[in-house]
Amino acid sequence: MPMIGSTDRARALGRAFERHYGHEPRLVARAPGRVNLIGDHTDYNGGFVFPAAIDLETLVAARPGHEDIAVWSVQFEQSDAFGPPPARIEHHGGWQGYVRGVVSVAAEAGLPVAPCELMIAGDVPLGSGLSSSAALEVAVLEALDALFGWRLPPVRLALLAQRAENTFVGVACGVMDPMVSALGKRDHALFIDCRSLETEAVPLHLEAIGVQIAVLDSGVPRTLATAGYNQRRQECEEGLAVLATHLDRPLGSLRDVDRREFEALRVELPPLLGARLGHVFSENDRVLLARRALATGDVTTFGRLMNESHASLRDDYEVSCAELDTLVELCGSEPGVLGARLTGAGFGGSAVALATAAADLDRALARYQEQTGRPARMWRLAAADGAALLPLD
Ligand code: GLA
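Everything numeric here is computed off the predicted structure, so don't read it as measured data. (Residues numbered from 1 in each chain as written. Predicted model: local features only at pLDDT ≥ 70, side-chain atom pairs only at ≥ 80, totals over all residues. Heavy atoms only, no water.)

Draft legend 1. Structural detail: the pairing of strand S1 (residues 27-38). Among the 12 residues of S1, 12 are classified as buried, and the element is accordingly described as predominantly covered. Bridge count between S1 and strand S2 (residues 48-64): 10 bridges; the pairing is antiparallel. Residue pairing across strands places Pro32 opposite Glu57, the latter belonging to S2. Of the strand pairs in this sheet, S1 and strand S12 (residues 388-390) are connected by 3 bridges, and their pairing is antiparallel. Directly across from Arg30, in S12, lies its bridge partner Ala388. (Buried < 20%, exposed > 50% of the residue type's maximum accessible area, 1.4 Å probe, protein only. Helix = DSSP H or I, 4+ residues; strand = E, 2+ residues; numbered from the N terminus. Pairing = 2+ DSSP bridges.)

So this is what it looks like as structure tokens:
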């Protein structure tokens, strides 16, 4: 029951806030991390993604303050103080950069920001590819939204979080992570069309159909800011520019190109760009098929699509790593595992697997640890709600 856990944690954070600042917070907000079931490296190409919010979350307690924006991180036992706008907000590494980033873009967007006291806690693991950064950004925005009466719709909040990461933190990430952190729904996966930003919550009747989804952390830390992610984005843009010279219409993203048009023009692209774009087109198709498979309870097809997605991310998009490949292969060698793939950006981080038997996943994980010596972990997916305020009493 994630909500009960959240409420207990909100109260504990409220007490910590009181000890630190000398008075109770006015409110506590939460925002979850995410796992992407299928559809990676499609969001920044205007494509389709199919993530779920997970029951690991970031909590932010808040109250109006006096001079500046004061922040305390329970996890890091560190403080920060800056602003408020119009005072210039300097860049900062680490967790502080995300908090400063969302405050900075909110002020730029004309939203009122005043002195306040914030306290942050949470259990989304850092560097495991489960979007701890989006959870932090969205949780801070959710708290400030309530504190300053912005009343932003969740999609606007997600776009602000993405802008903070793009323009302040300096990572060219897409919109998937903050969207699902803001809009996720308990026991559902969230289909997102990243061009229109339309979403559809699709029920995950996992128990009824006798399967479970697990998140397996490979224990290989990933850093989104490393060159690989931004380089893939740039390659997609280069590919799009080549296609645009042959198609006589403006192209906003790869989504504006038909798969048949792409196949016909593929010879015009250098082979590397052809492979990169090939992944994006095939992955978009897989997301649509996976959504249909899930809706009809066809878990065998869903699993097969997950396997195909991993192969495409590994071979065409080249964002896997040896450990993730090993983890996915070991999952695949267990009879009760229907499918597995890396999830999120890749270059380390986590895999997601669909299985009929939990014991098979345990075995795959144990063999992975034996073979690689990595400190792997596993969570059984309990799809959670997106960002919300939590009751304090
Ligand atoms: C990271 C980014 C997302 C998305 C995934 C890959 O999680 O933050 O926007 O691009 O990688 O699908």
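Draft legend 2. Examining the packing of helix H10 (residues 322-332) against helix H11 (residues 358-372) more closely. H11 packs onto H10 with a crossing angle of 145 degrees between their chain directions and a minimal axis gap of 9 Å. As H10 runs across H11, the sense of the crossing is right-handed. In this structure, H10 contributes Glu323, Thr326, Leu327, Leu330 and Cys331 to the contact, and H11 contributes Ala364, Leu365, Arg367, Tyr368, Gln371 and Thr372. The class makeup of the residues in the contact of H10 with H11 is 6 nonpolar, 3 polar and 2 charged. (Axes fitted to C-alpha atoms, helices over the stretch in contact; angles between N-to-C directions. Left-handed = near helix turned anticlockwise from the far one by under 90°. Contact = heavy atoms within 4.5 Å. Nonpolar A, V, L, I, M, F, W, Y, C, P; charged D, E, K, R; others polar.)

Draft legend 3. Just the sheet that holds strand S9 (residues 337-342), in detail. Strand order in the open sheet formed by 4 strands is S9-S10-S8-S11, with antiparallel pairing between adjacent strands. Strand pairing shows two members of the sheet lacking a second neighbour, S9 and strand S11 (377-380), which therefore form its edges. Strand-to-strand twist of the sheet, defined as the mean angle between neighbouring strand axes without regard to direction, takes the value 20 degrees. Here 5 bridges tie S9 to strand S10 (residues 350-355), and the two strands are oriented antiparallel to one another. Bridging from a neighbouring strand, Gly339 pairs with Leu354 of S10.

Draft legend 4. Here's a closer look at the site of the ligand. Taken together, 13 residues lie around the ligand, and Asp40, His41, Asp43, Asp177 and Tyr229 are the ones closest in. Within the side chain of Arg34, an N or O atom sits 2.9 Å from an oxygen atom of the ligand. The contact in question runs from an oxygen atom of the ligand to an N or O atom on the side chain of Asp40, over 2.5 Å. For the ligand, whose free accessible area comes to 310 Å², the fraction covered by protein is 98%. (Near = heavy atom within 4 Å. Polar contact = N/O pair within 3.5 Å; in protein donor to acceptor, adjacent residues only side chain to side chain. Areas by Shrake-Rupley, 256 points an atom, 1.4 Å probe, with all protein chains shown as cover.)

Draft legend 5. Inspection of the pairing of strand S6 (residues 188-193) at higher detail. By the criterion of burial, S6 is predominantly enclosed, with 6 of the 6 residues buried. As defined by bridge partners, S2 adjoins S6 across 2 bridges and the pair is classed as antiparallel. If you follow Phe48 over to S6, its bridge partner there is Asp193. Relative to strand S7 (residues 198-203), S6 is paired through 6 bridges, and the arrangement is antiparallel. Opposite Ala189, over in S7, you have Val202 as the bridge partner.

Draft legend 6. Highlighting the domain arrangement of the protein chain. Looking at the assigned domains, one finds that the protein chain contains domain 1 (4-203 + 384-390) and domain 2 (207-381). Each of domain 1 and domain 2 was reduced to a C-alpha centroid, and the two centroids are 25 Å apart. Looking only at domain 1, the three residues that lose the most surface to domain 2 are Ile38, His41 and Asn45, adding up to 20% of its buried area. Taken together, the links from domain 1 to domain 2 amount to 4 salt bridges. The tally of links from domain 1 across to domain 2 stands at 24 residue pairs in polar contact (both at pLDDT 80 or more). Put simply, the parts of the chain that give the side of domain 1 that touches domain 2 at least two residues each are S1, S2, S6 and S7. At 7 residues, the largest contribution of residues to the side of domain 1 that touches domain 2 is made by S2. Across the side of domain 1 that touches domain 2, the residue classes tally to 19 nonpolar, 12 polar and 7 charged. (Domains from an automatic or database assignment. Buried area = accessible area lost by both parts, 1.4 Å probe. Salt bridge = Lys/Arg side-chain N within 4 Å of Asp/Glu carboxyl O.)

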